[in-house]
Amino acid sequence: MNGLAETILEPQAQPNCEPESPLCFRNVCLRFGPRVLLDRISFSLGKGETRILLGLAGMGKSVLLKLANGLMKPDSGEIFLFGQEITSMREQELLPLRRRTGMVFQESALFDSLTVRDNVAWQLMERKMTEAVIDRRVHQALTFVDLDQAFAQYPPSLSGGMRRRVSIARAIIDKPDLILYDSPTGGLDPVTSHTINELVVKERDVYKTASILVTHRLQDAFTMVTHRFDPEANALVPLPHGTFDPNTRFMVLHESHLLFDGTTEDLLRSQDPFLQELLA
Amino acid sequence: MPSVLFTENIDKAVRRWLMTVQDYAIFCAASLANLFRTPRYWADTLIQADLIGVGSIPIVVLTGFFTGGVLALQSAASLAQFGAQTYTGRFVSLSMFRELAPVLTGLMVSGRNASGMASELGSMVVTEQMDAMRALGTDPMKKLVTPRVIATVMALFLLTIIADTLGTIGGSVVAVFISHLNGAQYFSSAYQALAYTDIVQGLTKPVVFGFILATVGCYKGMRTTGGTQGVGRATTQAVVIASVLIIFSDFLISRVMLWIFPPL
């Protein structure tokens, strides 16, 4: 069996869920009524690794992210978040693990009755930090996403791209060990999408945070694997031709199964008809 | 065949209803259990107390005042037939303290706040703000539900006292200026009619009504499905269910109170 064949997954493939792995799925199944949405999904995310999750609309990509931090429960299987099995945990037990996980929602999900400052500062306010420390940290986070001028504004007055950036600032302010991005560039224009991609790559390369990124947009996915963030230029710079970021891998969900889990090279060399069509 | 289908439908409806009752009971228990768990959101509780309590004062003042007035107007006419107009104060205060102030305050606050809670929390659910809150490590039950329950119970208790007072005053205005009764006599009759058991009964009810309207409003909001249309549906259902439960529980509490404090 060659290396490529190994990445087209057998349904019963089971990863070793190491304690240091930020996230690991083992044989996770979920039904919505009569429909099997996820069938025996297994994968393991390494420390500092970014996994790009591709798939057609309605294949359960967002649901997979919600399973990852316990917002939803699977029908069967095991999910290990920071080494702890979470499927049988009560809501109260999950909260400390979620505080180590940042999540960027598809529609931003900002609290629309709170200012940008209070949205971004949510976790710090929950920990009863002083106002001065909170303000400093919020300014840092907003500067990271280049949106410090929105400090006192309310989310409804922001554009879609700005809301997405605030959402990223909220997710990263407490330096999480894992970030879950749910279509962060969905519905945005190409220029704004590039800005968001830049932030995701910046987070990956500067803080080395493990992450899963759901996207429909292949262009965004390939921007991530073919570029790195240059802190001096404060911009994305392309990697040498033909090389890809080694810590960024792909997963493809198709017809309830995890069809592919592997490197960019493996994805490009794949002979699977669906993957070829997806990449075409 | 149609009878089998009919039975199946009844079976499904009863199961669904029982599941909802069980879910609501667990929801209520969780909202109470959070009183004994940290973190406690006192600032949020005060904000809600302001929104629910202070914000409801105008409608409660008006409702209490005019209800007392109407009671005095109706009772004075009837009592006059027996030459017992001097009992108007007694009639108004007993009716207000035992029944009308708690029930009407509960219904008015329910219309204003159970709907507000359902729509606010429902909107948060359909826009994923609730999931975002959970993803940030905050328990929405603690942060959103328990403060509303505490605030509503406290507010309704105090608002009922306001309604009691304003109802008695409203009755006195009618008694003095329309029925031409003696004001001192009215107040003396109103005061002497009240016994300890009437006060206990009248102030136990708002505690239960406050709990009902807050938990129903929050429950319908937190279980909203179906987008913005679902928010509208949840809002309407919250008011209807809370109002019916308030009237139903009023009957139960009155029955229990009569059992605990039998009339002499």
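Small disclaimer: the values here were computed from a predicted structure and weren't measured.

**Some remarks on the overall build of chain A**
- The helix and strand inventory of chain A stands at eleven helices and twelve strands.
- Taken over the C-alpha trace, chain A has a radius of gyration of 19 Å; the compact-globule value for 280 residues is 19 Å, and the two agree within 12%.
- Across its three principal axes, chain A shows a C-alpha extent of roughly 60 × 45 × 35 Å.
- Taking the intrachain contacts of chain A between residues at least 6 apart in sequence as the baseline, contacts between residues at least 24 apart amount to 64%.

**So, the overall build of chain B**
- When helices and strands are counted, chain B shows eight helices and zero strands.
- Starting at the N terminus, the α and β elements of chain B follow one another as α-α-α-α-α-α-α-α.
- Of the contacts formed within chain B by residues at least 6 apart in sequence, a portion of 88% connects residues at least 24 apart.

**Digging into the packing of helix α2 (residues 42-81) of chain B against helix α3 (residues 88-126) of chain B**
All names here are of chain B.
- For the pair α2 and α3, the least separation of the axes is 8 Å and the interaxial angle reads 145°. In this structure, α2 crosses over α3, and the sense of that crossing is right-handed.
- Residue composition of the contact of α2 with α3, by class: 15 nonpolar, ten polar and one charged.

**Topic: the interface of chain A and chain B**
- Contacts between the two partners involve 16 residues from chain A, matched on the other side by eleven residues from chain B.
- At the level of secondary structure, the elements contributing two or more residues to the side of chain A that touches chain B comprise α3 (91-98) and α5 (122-126) of chain A.
- Here the element with the most residues in the side of chain A that touches chain B is α3 of chain A; it accounts for five residues.
- Broken down by class, the residue content of the side of chain A that touches chain B amounts to eight nonpolar, three polar and five charged.

**What to know about unusual backbone geometry**
- In this chain, Thr38 of chain B is followed by Pro39 of chain B through a cis amide linkage whose omega measures -5°.
- The phi dihedral of Arg40 of chain A is positive, around 45°, even though this residue is not glycine.
- Looking at where Arg40 of chain A falls in the secondary structure, it is placed in strand β2 (residues 35-45).
- In this structure Arg40 of chain A comes out as buried when scored by C-beta crowding, with 21 C-beta atoms within 10 Å.
- In this model, Lys175 of chain A sits at a positive phi of 50°, which is unusual for a non-glycine residue.
- Tracing the chain through its elements places Lys175 of chain A in the loop between α7 (160-172) and β7 (178-182).

**Regarding the nonpolar core**
- Counting residues in each nonpolar core, the largest one holds 75 residues, and the members touching the most others are Leu53, Ala68, Val120 and Ala169 of chain A.
- Top contributing element to this core by residue count: α7 of chain A, with six residues.
- In contact with Val120 of chain A, other than residues within four places in its own chain, are Val138, Ala141, Leu142, Val166, Ala169, Arg170 and Ile173 of chain A.
- If you look at the next biggest cluster of nonpolar residues, it comprises 55 residues, including Ile52, Val109, Leu213 and Ala238 of chain B.

**Some details on the pairing of strand β6 (residues 101-104) of chain A**
Residue and element names in this part refer to chain A.
- Along β6, one buried face is formed by Thr101 and Met103 and the opposite face, lined by Gly102 and Val104, is buried too.
- As judged from the four bridges shared by β6 and β7, these two strands associate in the parallel manner. Residue Thr101 lies in a different strand from β7, and its bridge partner there is Leu178.

**So, the pairing of strand β12 (residues 257-262) of chain A**
Residue and element names in this part refer to chain A.
- Across five bridges, strand β11 (residues 248-254) lies against β12 in antiparallel orientation. Bridging across to β12, Leu253 finds its partner in Leu258.
- The hairpin turn running from β11 into β12, its antiparallel successor, is two residues long, and Glu255 in that turn takes a positive phi close to 45°.

**Quick notes on the sheet that holds strand β5 (residues 84-85) of chain A**
Residue and element names in this part refer to chain A.
- Pairing in this open sheet of four strands is antiparallel, and the strands run β2-β1-β4-β5 from one edge to the other. The two strands at the open ends of the sheet, each matched to only one other strand, are β2 and β5.
- Here five bridges tie strand β1 (residues 23-32) to strand β4 (residues 76-81), and the two strands are oriented antiparallel to one another. Bridge pairing links Cys29 to Ser76 in β4.

**Looking at the environment of Asp146 of chain A**
All names here are of chain A.
- Relative to the elements of secondary structure, Asp146 occurs in the loop between α6 (131-144) and α7.
- For Asp146, a count of 15 C-beta atoms within 10 Å translates into the label partly exposed.
- Considering only alpha carbons, one finds Asp146 and Arg165, 19 residues apart in sequence, at a separation of 8.2 Å.

**Structural notes on the sheet that holds β11 of chain A**
Residue and element names in this part refer to chain A.
- Across the sheet, six strands lie side by side as β6-β7-β8-β3-β11-β12; this open sheet has mixed pairing. Of all strands in the sheet, those bounded by a partner on one side alone are β6 and β12. Averaged over all pairs of adjacent strands, the angle between strand axes in this sheet comes to 15°, irrespective of strand direction.
- Relative to strand β8 (residues 210-214), β7 runs parallel, the two being bridged by five bridges. Looking at β8, one finds that Tyr181 is bridged to Leu213.

**Digging into the confidence of the model for chain B**
- Chain-level statistics for chain B give a pLDDT mean of 94 and a share of 99% at 70 or above.
- Across the interface, the model reports ipTM at 0.90; the global pTM reads 0.88.

Reading the values: the criteria
- Residues numbered from 1 in each chain as written.
- Chains lettered and ligands numbered in written order.
- Predicted model: local features only at pLDDT ≥ 70, side-chain atom pairs only at ≥ 80, totals over all residues.
- Helix = DSSP H or I, 4+ residues; strand = E, 2+ residues; numbered from the N terminus.
- Rg over C-alpha atoms; globule rule 2.2 N^0.38 Å.
- Contact = placed C-beta atoms within 7 Å.
- Axes fitted to C-alpha atoms, helices over the stretch in contact; angles between N-to-C directions.
- Left-handed = near helix turned anticlockwise from the far one by under 90°.
- Nonpolar A, V, L, I, M, F, W, Y, C, P; charged D, E, K, R; others polar.
- Buried ≥ 20, exposed ≤ 12 C-beta atoms within 10 Å, placed from the backbone.
- Core = buried A, V, L, I, M, F, W, Y, C linked by C-beta atoms within 7 Å.
- Pairing = 2+ DSSP bridges.
- pLDDT = per-residue confidence, 0-100.

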